[in-house]
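Now for the letters of each chain:
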Amino acid sequence: MPRRDDIRKILVIGAGPIIIGQACEFDYSGSQACKVLKDEGYEVVLVNSNPATIMTDPELAHRTYVEPVTPQFVAQVIEKERPDALLPTLGGQTGLNCAVALADAGVLDEFGVELIGAKLPAIKMGEDRKLFAEAMGRIGLDVPRGGYAYSVADAERLVGEVGYPVVVRPSFTLGGAGGGIAYNIDELRDIVSGGIALSPVGEVLIEQSVLGWKEFEMEVMRDAKDNAVIVCSIENLDPMGVHTGDSITVAPAQTLTDREYQVMRDASIAIMREIGVETGGSNVQFAVNPDDGRLVVIEMNPRVSRSSALASKATGFPIAKFAAKLAVGYTLDEISNDITRQTPACFEPSIDYTVVKVPRWAFEKFRGTDETLTTRMKSVGEVMAIGRTFEEALGKAMRSLENGRAGLGADGKDAIGEHKFDENLATPTEQRIFYIAEAFRRGRTVDEVFALTHVDPWFLGRIEAMIAAEKAVAEEGSLDALDAAAMRHAKQHGLSDAQIAHQLDVAQEDVRRHRLDLGVRSTFKAVDTCAAEFAALTPYYYKTYEEEDEVAASDRPKAMILGAGPNRIGQGIEFDYCCVHAAYALSDMGFETIMVNCNPETVSTDYDTSDRLYFEPLTFEDVMDIIEAERPEGVVVTFGGQTPLKLAHALEDAGVPIMGTRPEAIDLAEDRKRFQALLDELGIAYPAAGTAFTYEEALDVARRIGFPLLVRPSYVLGGRGMVIAYSEEYLERYIHEATSVSPDHPVLLDRFLEGAIEVDVDAVCDGESVYIGGVMEHIEEAGIHSGDSACCIPPFSLGDDTVETIKAYARTLALALGVQGLINIQFAVKDAAVFVLEVNPRASRTVPFVSKATGVPLAKVAAQVMAGRKLAEMELPDDGRDIGRFCVKEAVMPFGRFPGSDSVLGPEMKSTGEVMGVAGDFPSAYAKSQLAIDYSLPTSGKAFVSVCDRDKRSIVPVARHLHALGFEVLSTRGTAKTLKAAGIPVTGVLKKHEGRPNIVDAMVNGEVQLVINTPFGQETRSDGYHIRTAAVQHGVTNITTIPAAQAVVQAIEALKEGRLEVVALQDFDDADADV
Amino acid sequence: MSRDTAMLVLEDGTAFEGTACGAMGEATGEVVFNTSLSGYQEVLTDPSYAGQIITMTMPHIGNYGVNGVDMESGRIHARGLVVRQMCDTPSNWRSEQDLPSFLREQDVVAIEGVDTRRLTRHIREAGAMRAVISTTDTDVASLTGKARSAPGLAGRDLVREVAVAQPYTWGEDVPGEGLPVDTGVLVAEPGFKVVAMDSGIKYNILRRLSEIGCEVLVVPPTTSAEEVLSHQPTGVFLANGPGDPAAVDYLYTTLRELVGKVPLFGICLGHQMLSLAVGCATYKLKYGHRGGNQPVMNLLTGQVEITSQNHGFCVDYASIGELVPEASGGMSADPGDLGAWVEAGVAPVVSSMDFGRVQLTHVNLNDMTVEGIRLLDHPAFSVQYHPEAAPGPHDSRYLFGAFARLMNGADDYLSVAREPGGSRAAS
């Protein structure tokens, strides 16, 4: 069937900000969809609040609304744009939920909008547990049996039906609190009675336990002619009980016979048909009993997902792209396979390699939370690795994680003691894979490890082989003794040069040299969808150690872009966005672009983004191997955040041409002494600072420059380990923690400018002139990590003189450092004086936000500058112009995922993503940014206000404003006293430790709509901690800084005054800044 | 596992060094590749692989071991196996034996540690060729000579080597092999009596035929038409099998006497037999179709089936005769230009010398080759691929239902929407 002509304009809903469980895979899928629909001649309208996405680049859609992905705002877009159809399946759960809400509210009917891709009944049947279980019953498939219990008697009756053990899950408790597995009636009674008491609705789910069963996923596509294909099967290394997003997964499935596989295939297609997903991709999850092969269906998602992004990257079959085509009427046989170009997309990829995905967690950011992996996802990112064998792929994945490890242990960083060894082996955690490896090092058998972990013996056997390979290297005793066969054996078992070096106590460089001397060279093979049955025309490669290399020759000049690796807190989609723009810009300039990255969620690892894609870890070894195969004219290291940056020196030393800003300039900016000397020379102020290697030295510095102090390890990402110290006692405690965090680096101490306004600047310098991309005024004061604070373009409270000073400093610094490309500078403004806090001559987290706010694609401009173009040659709009709108970026916090961790903001970054709000005034833009994160902005009710002494004066106008807006103000004793003195009516409420009913009771009972609670110091179990965690748990809007409180109150006022209008990026006056 | 060196050498001198992972010794055959991700046991025991050395492109082989149920015949028929990595510690609840020991037990030579992707690309570019696997000789020149002196497949009748010598009824003992472990569903009161001309029939074809209510009498390929008809069958089934179809002249000659007298259904070699019987030429594909992911369009419904395939020879549809435009949607395109017919969504019809009109029903969308035909003036149809799967997807199971409808006299027996997954198609 050809494309549909009866629809003309299609609305695509994006997934909004990056949150845990919903990351940039939806930018990958959404961007593909927008491109396809636009290419097919449809008018594309997009709503997505996330400015750091490629899909919100103005050229990807005809009408781009960076607005909250909520029914209210999307309804406004529908009213304004009148689309014919809505494609809801490419924006994750957020997009799907929003579409369902719009359909249920009658908005789609009212404006005649057709849901394409998945119809409402199909979405509902896929999402509703009961409807889904009924549907499975109709087609003869099992689901885990069970039901809801409201009493112990109910539970006993249900267990009578399903048998022990059962999983007990209380409804609506955070993080599965109160749940557990009951193996007998005593445990059942205990857990159920406790669970019912904890559940706010007095309900627990009793479900047959499939813990320890094997878990599989199937990625299915179906078209309007009922053609259906399985794109990829995925087998989880972690058995049932761990969320698939938190599991190590492997493609293709390894331990199913064809009979069992085909049963699963039949079931997947039957499910898709029964649920009624007419076109597009779906993901079906199964559990298989390892003892008898019994199959149960766990769930299906009638949309593209994280797994479909993984499956696309794992096979070369672009699910989202094809899903968009199918949604507008094409059938699979009408679409051609991008990689072979000769064969149709209506087939099932066959792969002749093994793919391993490993999640990336960030528990170190959320102390106090339980790190056990459960059915609730906690990872913040993932890596994918491709190898010929599982061994090779797992080894590569483990060194891709950007966690300082060189592989599956054996890198000198294994710190595994005897204490609770078996318990740690049995408990699924981030560390368990290391315990499994260690178990084999200690001579444990596959059977023993299986008994404790239930990880399939096939996987365990392969890991055992990896450890044997590692031991074989060590047994050679010296590097010289390692011959070519032994070296090849080690490499084929996934060992990195660094691991081999550690086994033989030599330097990594020596291993590399010896390896190349032995002639053990890596080879590159293509990801071609068809196991080499047909020639591949799209160069998408992975590295392995085999006989034949497939890298195609080329005469064009090549530019290589090193990506950002796995998403983690402090390094997210923003850097991928920059890398993608670098690829586009360098391609426009005639380079053949080469992308290197290992993150399957990203747009950068779409084989369409660059001319050549290498799916590889971003380690020196792996990058050098690619460089030697490709010999690029230049390598971009400054766009992918810290990951490629930390390779800059080693690459330059190896003679690799680095594009743009020299690594020396980056060093200069990092070297505090030299940089301060430069600032002194330029006459630019900076906070007093010092460096210390011991506590005594730190104390000397502290006494010299005075408290409060900003203290941090010298080389940090996302403010890791950074704190504000107000006292010597705290400083002492911190130093002992921090030095263990980073033993090789000293501790840096800066005078903390309390109450200062923080300002960020992103600029591009070509060595001759500087273009200021944007000046961002932070909402939260200095001391809150810039990644966690909201900011606004243009500055909303700074004087023109101050802004001019800031810009002048930025220009001076960029030129003085010899920057060629991007530079980010952080300033603090205190009492109208401007201080430089930090300079980073590289892409920053805010580059995409600045680009969206101003319409100037800064990363593209910078990439062209790095390739030799001059700013003067580009027709950029005046960087001093008034953009005529306010754009607010707000950070999205994941506290809800980590019950027990404090929600207070500080110098250590904790946010996972960001949203942008755009409006004609600051309060409205800020209001949109809050609504985009689903923070409700209450317009009436009770506001609880409790602040530390430092903030007592500044809270008065905020409370007065709240009162004027009609809120009842609640306060604890201290704050109430201040407010009463200021003549503000206030209702007293007890602190938690003062008795009951107290403020926490009021919050639990839903009586409080807004919480303003500013902390002081670092007491983690203070009263404020209980208030904030209760707010997170019960979804009460919770503000922890005065500036944010001021902004929120203004936003509430804006919201009360009238509706917030939606506006498309293409409607901005200067929207066509074309580079 | 032993670490004995093994060599794989092709007739053009291309050599691969690896490690023995099956029986010791030496074996020659035509080296081919199979892209199935699962199902190595079914592949190895498929009689159609007689005379061939199989390369599995899936790098991990042996993961789930071997069991007594997933047999497609009584033994391994392939001459040798080439893999990237062999697993001798399988994990699966049905596993009874590890693959290397099964190979040794069956005296089949196998090699692991081979860059199977390099080998596959080489076969893709240079074509399927003769090769030798050896654990006893490591001299490339000597092995090249052995590969060159091995018989090729062209012109070679391997059917006699794999077919039964005595008739038997499915569900009873197979002569010389005993009872197959898994006979599938045996219908108590079969509605059809089918004679299967054995040319290397896979057990799963027999299971599928049983499932649709056939009592199946398996007879040797040399059985005369007269004798076949003497059983008064409701239908005759033409099986898959190894080697060059053109060399199996006795079978398709017999077939010429059966067409029109009894409903016929052929699979793979059986399809080639029917085609040859109606005057069609066959030719050898450069490297064949072997895998479980081949897209085939049923031109009568426009739907695509993901199919299981294993064939090195193919039929040349245009060689049957002149196009019959009025039966071909009024189109007058070249009957050999299969892509044009797929694009138009029309099943062309040509007229054969002796058996009336022949319709092209199924086409491979990867390379636009013939995958199925039916006779319009006689009750007979056949497909090149394997609707019985094992290994592979079940999308095409509906063809067994089509055979049942044909035996019941339906005209539109093939024009049924196939149901992906095949869960309801067979009934």
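It should be emphasised that the depicted structure is a prediction, and the values quoted were computed from it without experimental measurement. (Residues numbered from 1 in each chain as written. Chains lettered and ligands numbered in written order. Predicted model: local features only at pLDDT ≥ 70, side-chain atom pairs only at ≥ 80, totals over all residues. Heavy atoms only, no water.)

## A few points about the overall build of chain B
The condition is simple: The secondary structure listing takes helices from DSSP runs of H or I that are at least 4 residues long and strands from runs of E that are at least 2 residues long, numbered from the N terminus. Note on classification: 1.4 Å probe, protein chains only; a residue is buried when its accessible area is under 20% of the maximum for its type, exposed when over 50%, partly exposed between these limits. The contact criterion used is simple: two residues touch if any of their non-hydrogen atoms lie within 4.5 Å. Where accessible areas are quoted, they stem from the Shrake-Rupley method and a 1.4 Å probe; at the residue level, only the protein chains shown are allowed to cover.
Within chain B one finds 11 helices and 20 strands. Projected onto its principal axes, the C-alpha coordinates of chain B cover approximately 65 × 50 × 35 Å. Relative to its 427 residues, chain B shows a buried fraction of 67%. The long-range fraction of contacts in chain B, counting pairs at least 24 apart against all pairs at least 6 apart in sequence, stands at 72%. Looking at chain B as shown, the accessible area adds up to about 12,900 Å², and 46% of this sits on carbon and sulfur atoms.

## A few points about the environment of K313(A)
Residue and element names in this part refer to chain A. Our working rule: N or O atoms closer than or at 3.5 Å make up a polar contact, with two conditions inside protein: a donor-capable atom paired with an acceptor-capable one, and, for residues adjacent in sequence, both atoms drawn from side chains.
Here K313 lies in helix α10 (residues 306–315). Linking K313 and E732, residues 419 residues apart in sequence, is a C-alpha distance of 48 Å. Ignoring any residue separated from it by four or fewer positions in sequence, one finds K313 in contact with Y28, M384, Y540, P600, E601, T602, T605, D606 and F615. At a separation of 2.6 Å, a polar atom in the side chain of K313 contacts the main-chain carbonyl oxygen of T602.

## Side note on the sheet that holds strand β37 (residues 1010–1013) of chain A
Residue and element names in this part refer to chain A. Heads up, the rule is: For two strands to pair, DSSP has to find at least two bridges joining them. An axis is simply a line fitted to the C-alpha atoms; with a helix, the fit covers only the stretch in contact. Between two such axes, the angle follows the N-to-C directions and lies from 0 to 180 degrees.
Pairing within the open sheet is parallel, and its 5 strands lie in the order β36-β35-β34-β37-β38. At either margin of the open sheet sits one strand with a lone partner, and together these are β36 (987–988) and β38 (1037–1039). Relative to β36, strand β35 (residues 968–971) runs parallel, the two being bridged by 2 bridges. From the neighbouring strand, S971 faces β36, where its bridge partner is G988. Strands in contact with helix α32 (residues 952–964) are β34 (942–946), β35 and β37; relative to β37, the strand with the most contacts, it is inclined by about 170°. Packed on one face of the sheet, helix α35 (residues 1023–1034) meets β34, β37 and β38 and runs near 150° to β37.

## Thoughts on the packing of α32(A) against helix α36 (residues 1042–1057) of chain A
In a pair of packed helices, the angle between the axes and the distance between the axes together describe the arrangement. Residue and element names in this part refer to chain A. Where we set the bar: Orientation labels follow simple angle bins: below 35 degrees gives roughly parallel, above 145 gives roughly antiparallel, 65 to 115 gives roughly perpendicular, and whatever is left gives oblique. Crossings are assigned a handedness: left-handed for a near helix turned anticlockwise from the far helix by less than a right angle, right-handed for a clockwise turn.
The interhelical angle for the contact between α32 and α36, taken along N-to-C directions, is 20°, at an axis separation of 10 Å. One element, α32, and the other, α36, form an angle in the roughly parallel class. You can see that α32 and α36 cross each other, and the crossing is left-handed. Residue-level contacts link S954, I955, V958, H961 and L962 of α32 to I1042, A1045, Q1046, V1049 and E1053 of α36.

## Some details on the nonpolar core
All names here are of chain A. Here is the rule we go by: Grouping buried Ala, Val, Leu, Ile, Met, Phe, Trp, Tyr and Cys residues that are joined through side-chain atoms within 4.5 Å yields what is termed a nonpolar core.
The biggest cluster of nonpolar side chains holds 189 residues, and the ones touching the most others in it are I10, L394 and F639. Ranked by residue count, the leading element in this core is helix α20 (residues 573–588), at 9 residues. Not counting chain neighbours up to four residues away, the residues in contact with F639 comprise F575, C578, C579, A582, L822, A843, A859, A862, A863 and M866. Counting 65 residues, the second largest nonpolar core, distinct from the first, contains A75, L96, L931 and V986.

## Observations regarding unusual backbone geometry
Residues and elements named next belong to chain A. The amide bond that connects A251 to the next residue, P252, takes the cis arrangement and shows omega of -5°. By the secondary structure assignment, P252 is in the loop between β12 (249–251) and α9 (258–275). Look at H454: it is not a glycine, yet its phi comes out positive at around 60°. Among the secondary structure elements, H454 is positioned in the loop between α15 (446–453) and α16 (457–476). On the accessibility criterion, H454 (37% relative accessible area) is partly exposed. A positive phi angle, close to 65°, is found at A832, a residue other than glycine.

## Quick notes on α32(A)
Residues separated by three or four positions in an α-helix point in the same direction, a consequence of the helix having 3.6 residues per turn. All names here are of chain A. Test applied: What a helix is expected to span follows from its residue count: subtract one and scale by 1.5 Å.
Across its 13 residues, α32 extends 19 Å between first and last C-alpha, which sits within 8% of the 18 Å expected from 1.5 Å per residue. Considered for burial, the residues of α32 that qualify are K952, I955, V956, V958, A959 and L962. Buried residues belonging to α32 abut β34, β35, α33 (973–981), β37 and α36. Immediately downstream of α32, the backbone of G966 shows phi near 100°, a positive value.

## Focus: the packing of aromatic side chains
Definition in use: The criterion for an aromatic pair is that two Phe, Tyr or Trp rings (for Trp, the six-membered ring) have centres within 6.5 Å, with stacked assigned to planes under 30 degrees apart, edge-to-face to planes over 60 apart and tilted to the rest.
Under the counting rule described, the total for this entry stands at 22 aromatic pairs over all chains. Relative to F615(A), the ring of Y540(A) lies with its centre 6.4 Å away and its plane at 40°, an arrangement referred to as tilted. With Y540(A) in strand β18 (residues 540–544) and F615(A) in strand β21 (residues 612–615), this residue pair connects regions lying 75 residues apart in the sequence. Judged by relative accessible area, Y540(A) falls into the buried class, the value being 1%. Centre to centre, the rings of F33(B) and Y287(B) are 5.6 Å apart; their planes meet at 25°, and the pair counts as stacked. Here F33(B) is found in strand β3 (residues 26–34), whereas its partner Y287(B) is found in strand β15 (residues 281–298), with 254 residues between them in sequence. On the basis of relative accessible area, F33(B) is assigned to the buried category, the value being 2%. Looking at Y287(B), the relative accessible area reads 15%, which means it is buried.

## Things to note about the state of the cysteines
Quick reminder of the rule: Count a disulfide wherever a pair of cysteine sulfur atoms falls within 2.5 Å.
In total, this model carries 0 disulfides over all chains according to the counting rule given. C530(A) carries a free sulfur, and the closest cysteine sulfur to it, the one in C232(A), is 15 Å from it. For the unlinked cysteine C314(B), the closest cysteine sulfur is that of C280(B), found at 8.7 Å. Judged by its relative accessible area of 0%, C314(B) is buried.

## Things to note about the pairing of β35(A)
Residues and elements named next belong to chain A. Note the following rule: Here is how to tell: hold the view so the strands point away, follow the path from the first strand over the helix to the second, and if it runs clockwise the crossover is right-handed.
Here 4 bridges tie β34 to β35, and the two strands are oriented parallel to one another. Each bridged residue has a counterpart across the sheet, and for F944 the counterpart in β35 is L970. The parallel pair β34 and β35, bridged by α32, forms a crossover whose chirality is right-handed. Crossover connection from β35 via α33 to parallel β36: handedness right-handed.

## As for the packing of helix α6 (residues 129–138) of chain A against α9(A)
Residues and elements named next belong to chain A. Applicable threshold: Throughout this entry, Asp, Glu, Lys and Arg are counted as charged residues, while Ala, Val, Leu, Ile, Met, Phe, Trp, Tyr, Cys and Pro are counted as nonpolar. The remaining residues, Gly among them, count as polar.
Contact geometry for α6 and α9: axes closest at 10 Å, N-to-C directions at 120°. Of the possible angle classes, the one that applies to α6 and α9 is oblique. Pair α6 / α9 crosses with right-handed handedness. Contacts between α6 and α9 pair F132, A135, M136 and R138 from the former with I271, E274 and I275 from the latter. By residue class, the composition of the contact of α6 with α9 is 5 nonpolar, no polar and 2 charged.

## Looking at helix α9 (residues 269–277) of chain B
Along α9(B), 9 of the 9 residues are buried, which leaves the element largely enclosed by surrounding structure. The first or second residue beyond α9(B) is G279(B), which carries a positive phi of 100°.

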